[in-house]
Amino acid sequence: MPRSRRILTYAIAAAVAATTGFVLPSGATAAAAATPTATAAAPRATTSDFNGDGYADLAVGVPDGTVGGRAKAGYVNVVRGGPKGVGAHGSIRVTQATPEVPGTPEAGDRFGASVALTDLNGDGIAELLAGAPGEDVTDRGADAGMVTVVGGSKDGPGPGSTVLTGPSPSAAYGKSVVAAEMTGDDNKEIVIGGTDKVVARVIEGEDSMVTTVVADPMGGRAPALATGDFDGDGTADLAVAYWTSGVPSTQSHVRLWKWDADRSEMANFWNTDNAGVTALAAGDFDGDGHDDLALGECREIADENIDDPCGPEELAEGGAVHTHYGSSAGGSFGSRAQTLNQDTAGVPGVAEDGDRFGAALAVADVNRDGRDDLIAGAPGEAIGSRAGAGAAWLLRGGAQGLLDADNAAASVTWNQDTAGVPGVAEAGDTFGAAVASGDGNADGVPDVTVGSPGENASLGAVWRLPGGSAGGSAAFSPRTLGLPYPSTAHKYGNPLNSR
């Protein structure tokens, strides 16, 4: 795709370095896409340590939060890790009223609609990326949108800077955001989803540019983004899932892109269409050293008369997880696939319309066997007669992936009625609307966090499941963390990001 515009280093890279501590290193080693094997299960390096204390932190986006009396101005709550895990060591609230952060909180900005904690420059301290798709931008118009980077530090948030603003009214840049090193030069690229467009801010040598990845009418839905080394070349690739509408009918797409150095643009190298997808996650679920791609809440949308790309149609009821597997040299990505849902052997529950199984996904090797496990949320799951109470699953990786040779899964599930999990499952809690993983207590075993934005009349809360277990689990919310919580619904707990 043609790049939309080219920006000199001092306009983005140097400016960010000067204001955030985000130094673009020369010769520094950035974290490469992790590819654990079944025989070597070294813990993944923590990349979400915002205050540099050695513990993974958790970013909770609160785009519906009120700031200074302005409804849905939005904020991000960075919840600190520590010996007792996230939620037990306090947090900081980052808004556009924070002195280090550019902009001013305004009603409808929805700062925190997308979040990512990632170490952009390899110094061991994470930066915070936050999208504000409702941001009005001078000379660009209403809801042009913006993505901001805020530096981490031992003393709290460091200086912040604008990464990119939308080019026109309703562009809504910041609906989604990810970052990964995709060009092979140790600088992480930042990929931004907006209305009808996905763009990448790419560092290439001494220059920085913005290149368009996808430009399609997306019907107002946020494109799903994930990164992983899907072609096995040692450099991260980009996965994008989106729906198009009215051309001539609703269609859906999952596509992979890689950096083409010769053309200085992102190149599309793999597609599967007619797969309606809400979430994406990359991990090595079979431990073969090659990244796989999980498609969450995958279902055929029936406007195209092609083979079911999400597996057998009967497995799509209530949502399904469809996984395309990486391949060794000479093979093709995605030629092997598996599909599972709540009617799959080994997956607790029953697949029902509206469950939204897989609407949120995260990856972690919880049992440290060298094979990644998949965390899947189903915010629409009914618990007894309580509609939309929500649930989450840990789907264990194995030698064949998420399913064994008999097409059975090994998994556990949690909801607020699970023994050891605090709270009570109630209608509309939407437990599982967001999921994340990170080693919040630095014990070498990743913990699972689950968001429940409908909890307590939509004030919202987050649950920590240490080592992926209900035992010792705890919940935290704006109330327990000492955050302001006016009567408006904050929907705390969606989105989440840690690693």
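Rules of the game
- Per chain, residues are indexed from 1 in the order of the written sequence.
- The predicted nature of this model means local features are confined to residues of pLDDT at least 70 and side-chain atom pairs, given and counted, to a pLDDT of 80 or more, with totals for whole chains, interfaces and linings taken over all residues.
- To obtain the side-chain values, all non-hydrogen atoms of the structure were included, while hydrogens and water were left out.
- A strand pair is defined by DSSP finding two or more bridges across the two strands.
- The secondary structure listing takes helices from DSSP runs of H or I that are at least 4 residues long and strands from runs of E that are at least 2 residues long, numbered from the N terminus.
- All axes are obtained by fitting lines to C-alpha atoms, using only the stretch in contact for helices, and the reported angles, taken between N-to-C directions, cover 0 to 180 degrees.
- Stacked, tilted and edge-to-face are the three classes applied to pairs of Phe, Tyr and Trp rings, where Trp contributes its six-membered ring and a pair requires centres within 6.5 Å; stacked means planes under 30 degrees apart, edge-to-face means over 60, and tilted covers the rest.
- The cut-offs for exposure are 20% and 50% of the maximum accessible area for each residue type, with area from a 1.4 Å probe on protein chains only; residues under the lower value are buried, those over the upper are exposed, and the others partly exposed.
- Distance and angle both matter: a charge sits over a ring if NZ of Lys or CZ of Arg is within 6 Å of the ring centre and within 35 degrees of the ring normal.
- To define a nonpolar core, start from buried Ala, Val, Leu, Ile, Met, Phe, Trp, Tyr and Cys residues and group those joined through side-chain atoms within 4.5 Å.
- Salt bridges are counted wherever a side-chain nitrogen of Lys or Arg sits within 4 Å of a carboxyl oxygen of Asp or Glu.

1. Describing the sheet that holds strand 21 (residues 360-364)
Adjacent strands of a sheet pair through backbone hydrogen bonds, lying either parallel or antiparallel. The sheet built from 4 strands is open, its strands ordered 21-22-23-24 with antiparallel pairing. With one partner strand each, in any of the chains shown, strand 21 and strand 24 (411-414) form the two edges of the open sheet. For this sheet, the mean angle separating the axes of adjacent strands, direction not counted, is 20°. As judged from the 5 bridges shared by strand 21 and strand 22 (residues 373-378), these two strands associate in the antiparallel manner. Across the sheet, the residue bridging to Ala 362 is Ile 375, located in strand 22.

2. Considering the sheet that holds strand 29 (residues 496-497)
Pairing in this open sheet of 4 strands is antiparallel, and the strands run 4-3-2-29 from one edge to the other. For this open sheet the edge positions go to strand 4 (91-94) and strand 29, each flanked by a neighbour on one side alone. Across 5 bridges, strand 2 (residues 58-62) lies against strand 3 (residues 75-79) in antiparallel orientation. Considered in strand 3, the bridge of Val 60 is made with Asn 77.

3. Quick notes on the packing of aromatic side chains
Across all of its chains, the model carries 4 aromatic pairs by this definition. The interplanar angle of 85° and the centroid separation of 5.1 Å between the aromatic rings of Trp 270 and Phe 333 together place this pair among those described as edge-to-face. Highlighted residues: Trp 270 in strand 16 (residues 265-273) and Phe 333 in the loop between strand 19 (321-325) and strand 20 (336-340), separated in sequence by 63 residues. Neither Trp 270 nor Phe 333 differs from the other in exposure class; each is buried. Positioned over the ring face of Phe 269 is Lys 258, at 6.0 Å from the centre of the ring.

4. What about unusual backbone geometry?
Geometrically, the link from Asn 494 to Pro 495 is a cis peptide bond, its omega value of 10° lying close to zero. With respect to the helices and strands, Pro 495 occurs in the loop between strand 28 (474-476) and strand 29. Non-glycine residue Lys 72 carries a positive phi angle of around 55°. Looking at the secondary structure, you find Lys 72 in the loop between strand 2 and strand 3. The exposure class of Lys 72 is partly exposed, given its relative accessible area of 43%.

5. Section: the nonpolar core
Grouped together as the largest cluster of nonpolar side chains are 23 residues, with contacts concentrated most on Val 321, Leu 340, Phe 357, Leu 361, Leu 374 and Leu 395. Core analysis: the next-biggest nonpolar cluster, separate from the first, contains 19 residues, Val 202, Met 218, Ala 236 and Trp 257 among them.

6. Topic: the pattern of salt bridges
Counting across every chain of the model gives 9 salt bridges. Notably, a salt bridge pairs Glu 297 with Arg 356, separated by 3.1 Å at the nearest N-O pair. Of this pair, Glu 297 sits in the loop between strand 18 (292-296) and strand 19 while Arg 356 sits in the loop between strand 20 and strand 21; the two residues are 59 residues apart in sequence, bridging distant segments of the chain. With relative accessibility at 8%, the residue Glu 297 sits in the buried group. Classification of Arg 356 by relative accessible area gives partly exposed; the value is 35%.

Honestly, it's all geometry; don't read function into it.
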